[in-house]
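As a plain string of letters, each chain reads:
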Amino acid sequence: MIKDVYKDAIRTLNTLQTNASYLEQVKRERGDPQAQLEAMRGFLERSGLKVEDLDRLNIIHVTGTKGKGSACAFTECILRSYGLKTGFYSSPHLVQVRERIRINGQPISKELFSKYFWLVYNRLEETKDPAHASMPAYFRFLTIMAFHVFLQEKVDLAVVEVGIGGAYDCTNIIRAPVVCGVSSLGIDHTSILGDTMEKIAWQKGGIFKPGVPAFTVAQPERPLEVLRDRAQERECPLYLCPELDAFEGDHRALELGLAGAHQRSNAALALQLARTWLQRRGCWGLGELKEEALPGAELAGRPVPLAPTFQPTDAMIQGLRDTEWLGRTQVLPRGPVMWYLDGAHTTSSVQACVRWFRQAALNQEKPHDGSEVRVLLFNATGDRDTAALLKLLLPCHFDYAVFCPNFTEVSVAGNADQQNFNVTLENALTRCLENQRTWTRLLEEKGGQDPWLPAPLRAGGLLQPATTRGTLLLVPPAPRPLNSPSLVFPCLAQALRWVAQGRDPQLAAPTAVGAHPHPVASSGAVLLREAAAVRVLVTGSLHLVGGVLRLLDPTLSQ
């Protein structure tokens, strides 16, 4: 019974549009951004809440381009280590939409999700008005629903991650957070936020509120100045987080639950957010200050004063160590096949991902006979510059590159959580073929400069539906020689089965019927079956990583 009510809730939620059309709507409304926030307030009130009700949630509001989700996860885990009841709202989800609304670090149950979904949906249905849109779009709806969940389940605090931007994001109806944070800035969602770091910084600084302390991590000079100006204009005290090293006295390195050097700045931000929250809420156990922020700190060549360093408490140390955040620098060892998952999708986050992957993969024991196969599984969505992302992945020296859409199966009908009505299979495959051509071109350019690359393989063929085999198969168009074989698969299940070759217990072996017709697929299959170690990096899109996790760890779908 619960299962059916939940399924109906997910199906109904999906009719409220998903990401791509929400972005279109935001672009249309960009001319009057204030109207977006007014509309959001209207939806909130129709659902039975007032904006001032949100003040009771003791919110930590976090924005940024990269690492905002990880910074939120660290912050939530630290405060949970103090015995507080936490709410956490984040996006996107990887496997199930319930992941976006968490209590005490766990996605809310199907029962709770169904209960609050229908409560909010029915109230909005009952208050329909012909003059206005009757239902908020997908992300706005979930934001309103999260506020209902957190208020009625009586959390002590809510960590709220901004969706896109800040100033005009629908989470920005929050009037009185306890503290705000800005993680690392970069270039993303340019069609909405602007095409320079300064424009993006202006949008992110839109979450600053009068008298509410805000913290940011090291940023390039100009964007940091924009954040400072936004803070001054909004009468918000803004501080720069000291590096994590400053908290690691006495040769005691802080252990982080999330791998990768880039997570250190997210952890440093989380320490400041958690400590300030505890301080402003009158809690004990703050951690002894090592030094007060010097009154002239902002004059020492810094546009923004440095926040104080302090001795992290045991609860803070435990929180940083226990933090889990799926799909970010995550390693899944499966016998000879090692899966490295990271949802990086901007140039700087892919750079960080490459540093992490090279270190993580090189730290592994090399097989005694040296036979190691490295595979890239890649897809990118939206208006991202895929060529720039792929170029950054070249130094990993992949033996194979596999491109496929974010669909787990060719038919996604049975998989409501992963449905995206805005991306057709045909569009997605066209994009994969373009990515494949880009990869081939990049390798050829690199090959021209690199005398040590192996002699190119000959490969021919064109894009052709193999109708006789009953499945859509793609053969790389390769009028020129290839240095590194690459393949396009129509869905994740086929791509993963080819990579794993029956060596991962969660994945069936690829079948002869419907096998990929390209010669690279059959010669590669032999190497993959015989290699002592297969290392697979999955990156370019959080949605791609989510689909892979769903197939590799079915318990996440339970």
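Structure first, text after, so check above.
Conventions and cut-offs
- Residues numbered from 1 in each chain as written.
- Predicted model: local features only at pLDDT ≥ 70, side-chain atom pairs only at ≥ 80, totals over all residues.
- Heavy atoms only, no water.
- 1 Å grid on protein atoms, 1.4 Å probe; cavity = no way out; pocket = protein on both sides within 12 Å on 5 of 7 lines; lining within 4 Å.
- Points joined across faces, edges and corners; volume = space filled by probe spheres on them.
- Helix = DSSP H or I, 4+ residues; strand = E, 2+ residues; numbered from the N terminus.
- Nonpolar A, V, L, I, M, F, W, Y, C, P; charged D, E, K, R; others polar.
- Disulfide = S-S within 2.5 Å.
- Axes fitted to C-alpha atoms, helices over the stretch in contact; angles between N-to-C directions.
- Parallel < 35°, antiparallel > 145°, perpendicular 65-115°, else oblique.
- Left-handed = near helix turned anticlockwise from the far one by under 90°.
- Contact = heavy atoms within 4.5 Å.
- Core = buried A, V, L, I, M, F, W, Y, C linked by side-chain atoms within 4.5 Å.
- Buried < 20%, exposed > 50% of the residue type's maximum accessible area, 1.4 Å probe, protein only.
- Pairing = 2+ DSSP bridges.
- Expected span 1.5 Å × (residues − 1).
- Arc of directions from axis to C-beta.
- Phe/Tyr/Trp six-rings, centres within 6.5 Å; stacked < 30°, edge-to-face > 60°.

1. Describing the layout of surface pockets
And then number 1: The space that makes up the second largest pocket amounts to roughly 450 Å³.
And then number 2: Lining the second largest pocket are 21 residues, with Arg-102, Gly-105, Gln-106, Pro-107 and Leu-326 sitting closest to its centre.
And then number 3: Residue assignment for the lining of the second largest pocket shows that the elements contributing at least two residues are helix H4 (68–81) and strand S4 (106–107).
And then number 4: Ranked by residues supplied to the lining of the second largest pocket, first place goes to H4 with 4 residues.
And then number 5: Broken down by class, the residue content of the lining of the second largest pocket amounts to 8 nonpolar, 6 polar and 7 charged.

2. Looking at the state of the cysteines
And then number 1: This structure, assessed with the given rule, holds 0 disulfides.
And then number 2: There is no disulfide at Cys-432, and the cysteine sulfur nearest it, in Cys-404, is 6.2 Å away.

3. Looking at empty space enclosed by the protein
And then number 1: Taken as a whole and judged by the stated rule, the model has 2 cavities of 30 Å³ or more.
And then number 2: Size it by volume and the second largest cavity reaches roughly 60 Å³.
And then number 3: Lining the second largest cavity, in full, are Ser-90, Pro-92, Leu-94, Glu-99, Arg-102, Trp-325, Leu-326 and Arg-328.

4. Observations regarding unusual backbone geometry
And then number 1: Cis geometry is found at the peptide bond from Ser-91 to Pro-92, where omega equals -10 degrees.
And then number 2: Looking at the element boundaries, Pro-92 is found in the loop between strand S2 (86–89) and strand S3 (101–103).
And then number 3: One non-glycine residue, Thr-329, adopts positive backbone phi at about 40 degrees.
And then number 4: The residue Thr-329 is located in the loop between helix H11 (314–322) and strand S9 (330–334) in this model.

5. A look at the packing of helix H8 (residues 197–204) against helix H9 (residues 221–233)
And then number 1: Put simply, H8 and H9 touch, their axes get as near as 8 Å, and they point 30 degrees apart. With respect to H9, the element H8 is oriented roughly parallel. Both H8 and H9 take part in a crossing whose hand is right-handed. Between H8 and H9, the contacting residues are Met-197, Glu-198, Ala-201 and Trp-202 on the first element and Arg-222, Pro-223, Val-226, Leu-227 and Arg-230 on the second.
And then number 2: In terms of residue class, the contact of H8 with H9 is made up of 6 nonpolar, no polar and 3 charged.

6. Some details on the nonpolar core
And then number 1: Counting 43 residues, the largest nonpolar core has Leu-13, Leu-57, Phe-113, Phe-141, Met-145, Phe-147 and Phe-150 as its most contacted members.
And then number 2: The element contributing the most residues to this core is helix H6 (residues 138–152), with 11 residues.
And then number 3: Setting aside chain neighbours within four positions, we find Leu-13 in contact with Val-97, Phe-113, Phe-117, Tyr-138, Phe-141 and Leu-142.
And then number 4: Membership of the second largest hydrophobic core comes to 38 residues, among which are Val-373, Leu-487, Leu-528 and Val-545.

7. Points about the pairing of S2
And then number 1: Burial of S2 is two-sided: the residues Thr-86 and Phe-88 facing one way and the residues Gly-87 and Tyr-89 facing the other way are all buried.
And then number 2: Examined bridge by bridge, S2 and S3 share 3 bridges and lie antiparallel to one another. Across the sheet, the residue bridging to Gly-87 is Ile-103, located in S3.

8. Topic: the packing of helix H3 (residues 33–46) against H6
And then number 1: One way to put it is that H3 packs onto H6 with a least axis distance of 10 Å and a crossing angle of 50 degrees. What the angle tells us is that H3 and H6 run oblique. Regarding H3 and H6, the two cross each other, and that crossing is right-handed. Residues Gln-36, Ala-39, Met-40, Phe-43 and Leu-44 of H3 lie in contact with H6, whose contacting residues are Arg-140, Thr-143, Ile-144 and Phe-147.
And then number 2: Looking at the contact of H3 with H6 residue by residue, the class counts come to 6 nonpolar, 2 polar and 1 charged.

9. Some points on the sheet that holds strand S6 (residues 179–182)
And then number 1: The strand order across the open sheet built from 8 strands is S4-S3-S2-S5-S1-S6-S7-S8, with neighbouring strands paired in mixed fashion. Single-partner strands in this sheet number two, and they are S4 and strand S8 (238–240).
And then number 2: Of the pairings in the sheet, the one linking S2 to strand S5 (residues 157–161) comprises 4 bridges and is parallel in character. Bridge pairing in S5 links Thr-86 to Leu-157.
And then number 3: Strands strand S1 (59–63), S2 and S5 of the sheet are contacted by H4, whose axis makes an angle of about 170 degrees with S2.
And then number 4: Relative to S6, helix H10 (residues 263–280) is tilted by about 175 degrees, and along the sheet it contacts S1, S5, S6 and strand S7 (214–216).

10. Comments concerning helix H16 (residues 519–530)
And then number 1: Here H16 spans 17 Å end to end across 12 residues, near enough to the 16 Å set by a 1.5 Å rise per residue.
And then number 2: Listing the buried residues of H16 in full gives Val-520, Ala-521, Gly-524, Ala-525 and Leu-528. Buried residues of H16, viewed axially, fall in a sector of 130 degrees; they line one side. With respect to the buried face of H16, the exposed residues turned more than 90 degrees away are Pro-519 and Glu-530.
And then number 3: Contacts from the buried residues of H16 go to strand S11 (372–378), strand S12 (400–403), strand S13 (486–488), helix H15 (492–500) and strand S14 (533–539).

11. Looking at the packing of aromatic side chains
And then number 1: Enumeration according to the criterion identifies 18 aromatic pairs in this entry.
And then number 2: With centroids separated by 5.6 Å and ring planes inclined at 20 degrees, the aromatic side chains of Phe-117 and Tyr-121 adopt a geometry described as stacked. Taken as a pair, Phe-117 and Tyr-121 lie in helix H5 (residues 110–126) at a separation of 4 residues, close to a single helical turn. Judged on exposure class, the residue Phe-117 and its partner Tyr-121 are both buried.
And then number 3: Here Tyr-168 and Trp-202 contribute two aromatic rings whose centre-to-centre distance is 6.3 Å and whose plane-to-plane angle is 50 degrees, an arrangement assigned as tilted. Note that Tyr-168 is positioned in the loop between S5 and S6 and Trp-202 in helix H8, a separation of 34 residues in sequence.
And then number 4: On the basis of relative accessible area, Tyr-168 is assigned to the partly exposed category, the value being 24%.
And then number 5: Overall, Trp-202 belongs to the partly exposed group, its relative accessible area being 35%.

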